[in-house]
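# Commentary on secondary and tertiary structure
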Amino acid sequence: MKDSFRTGISFGLTSAVITTLGLMVGLHSGTGSKLAVFGGVLTIAIADAFSDALGIHVSQESECVRTTRQIWGATIATFITKFIFAMTFLVPVLLLPLLTAIIVCVVWGLSILTVLSCLIAKARGERPCKAVGEHLLIAIVVVVITHWVGELVAALGA
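This text gives an overview of the structure that appears in the document. (Residues numbered from 1 in each chain as written. Predicted model: local features only at pLDDT ≥ 70, side-chain atom pairs only at ≥ 80, totals over all residues. Heavy atoms only, no water.)

### Digging into the overall build of the protein
- Each helix and strand in the protein was counted, giving 6 helices and 0 strands.
- Going residue by residue from the N terminus, the α and β elements of the protein occur as α-α-α-α-α-α.
- Each principal axis of the C-alpha distribution contributes one length, and for the protein these read about 50 × 35 × 30 Å.
- In the protein, buried positions account for 37% of the 158 residues.
- A separation threshold of at least 6 residues defines the contact pool for the protein, and within that pool the share at least 24 residues apart is 72%.
- Accessible surface, the protein as shown: approximately 8,800 Å² in total, 73% of it carbon and sulfur.
- Looking at charge distribution, the protein has the averaged site of its 10 positive side-chain charges lying 9 Å from that of its 8 negative ones. (Helix = DSSP H or I, 4+ residues; strand = E, 2+ residues; numbered from the N terminus. Buried < 20%, exposed > 50% of the residue type's maximum accessible area, 1.4 Å probe, protein only. Contact = heavy atoms within 4.5 Å. Areas by Shrake-Rupley, 256 points an atom, 1.4 Å probe, with all protein chains shown as cover. Lys, Arg positive; Asp, Glu negative; His and termini not counted. Charge placed at Lys NZ, Arg CZ, Asp CG, Glu CD.)

### A short note on the side chain of Lys82
- Mapped onto the secondary structure, Lys82 falls in helix H3 (residues 68-88).
- A distance of 2.8 Å separates polar atoms of two side chains, one belonging to Lys82 and the other to Asp52.
- In contact with Lys82, other than residues within four places in its own chain, are Gly12, Ser15, Ala16, Thr19, Ile44, Asp48, Ala49 and Asp52. (Polar contact = N/O pair within 3.5 Å; in protein donor to acceptor, adjacent residues only side chain to side chain.)

### Description of the packing of aromatic side chains
- The tally for this structure, following the rule as stated, stands at 2 aromatic pairs.
- Taken together, a centroid distance of 4.5 Å and an interplanar angle of 45 degrees make the contact between Phe50 and Phe79 tilted. Note that Phe50 is positioned in helix H2 (residues 34-63) and Phe79 in helix H3, a separation of 29 residues in sequence.
- For Phe50, a relative accessible area of 52% translates into the label exposed. (Phe/Tyr/Trp six-rings, centres within 6.5 Å; stacked < 30°, edge-to-face > 60°.)

### Brief notes about unusual backbone geometry
- Its identity is not glycine, yet Cys64 carries a phi of approximately 55 degrees, on the positive side.
- The topology assignment puts Cys64 in the loop between H2 and H3.

### Quick look at a nonpolar patch on the surface
- On the surface, Leu137, Ile140, Val141, Val144, Ile145, Trp148, Val149 and Val153 cluster together to form a nonpolar patch covering roughly 690 Å² of accessible area.
- With respect to the secondary-structure elements, Ile145 resides in helix H6 (residues 128-156).
- You can call Ile145 partly exposed: its relative accessible area is 43%. (Patch = residues over 30% accessible without salt bridge, like charges linked within 9 Å, V, L, I, M, F, W, Y side chains within 5 Å. Salt bridge = Lys/Arg side-chain N within 4 Å of Asp/Glu carboxyl O.)

### Considering the side chain of Asp48
- Here Asp48 is to be found in helix H2.
- The buried category is assigned to Asp48, whose relative accessible area is 18%.
- Reaching out from Asp48, the side chain makes a polar contact with the side chain of Lys82 at a distance of 2.3 Å.
- Apart from the residues within four sequence positions on either side, Asp48 is in contact with Ser15, Thr19, Thr43 and Lys82.

### Observations regarding helix H1 (residues 3-31)
- The terminal C-alpha atoms of H1, which comprises 29 residues, lie 41 Å apart, in line with the 42 Å expected from a rise of 1.5 Å per residue.
- Of the residues trailing H1, Gly32 is marked for its positive phi of about 65 degrees. (Expected span 1.5 Å × (residues − 1).)

Structure (structure tokens):
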């Protein structure tokens, strides 16, 4: 796979999982509203996919080592990956009670990160345990912190 596409897909997947789970868990803890969680995920899928794609685009341009074609490859791969994978988190929200949907989404997101981490470790010739553990730890920290922030917001009545 071309480096530019690998960059976009890796970034898009990671961002889709971390950002979407953080938003979902925080909104669930803060509002308990299925509509708020659904709207938040939809917003992430659109606005944050564009934001991340532009971020990768500018980052790649600033390195001054990639061709215009490579830069656009990473940009488009980031947008499409982020958009599609963020949208997958809507399926459980539509089909299940909200708490169950949140749990399913956390498992889904952590599974995506596990597979991605294993593929990256394999490509680098490393043992996957360290990469998986490191990436899952970060994701879990985000989920826990956004849960607490949601509870704090709810308690403050903001």
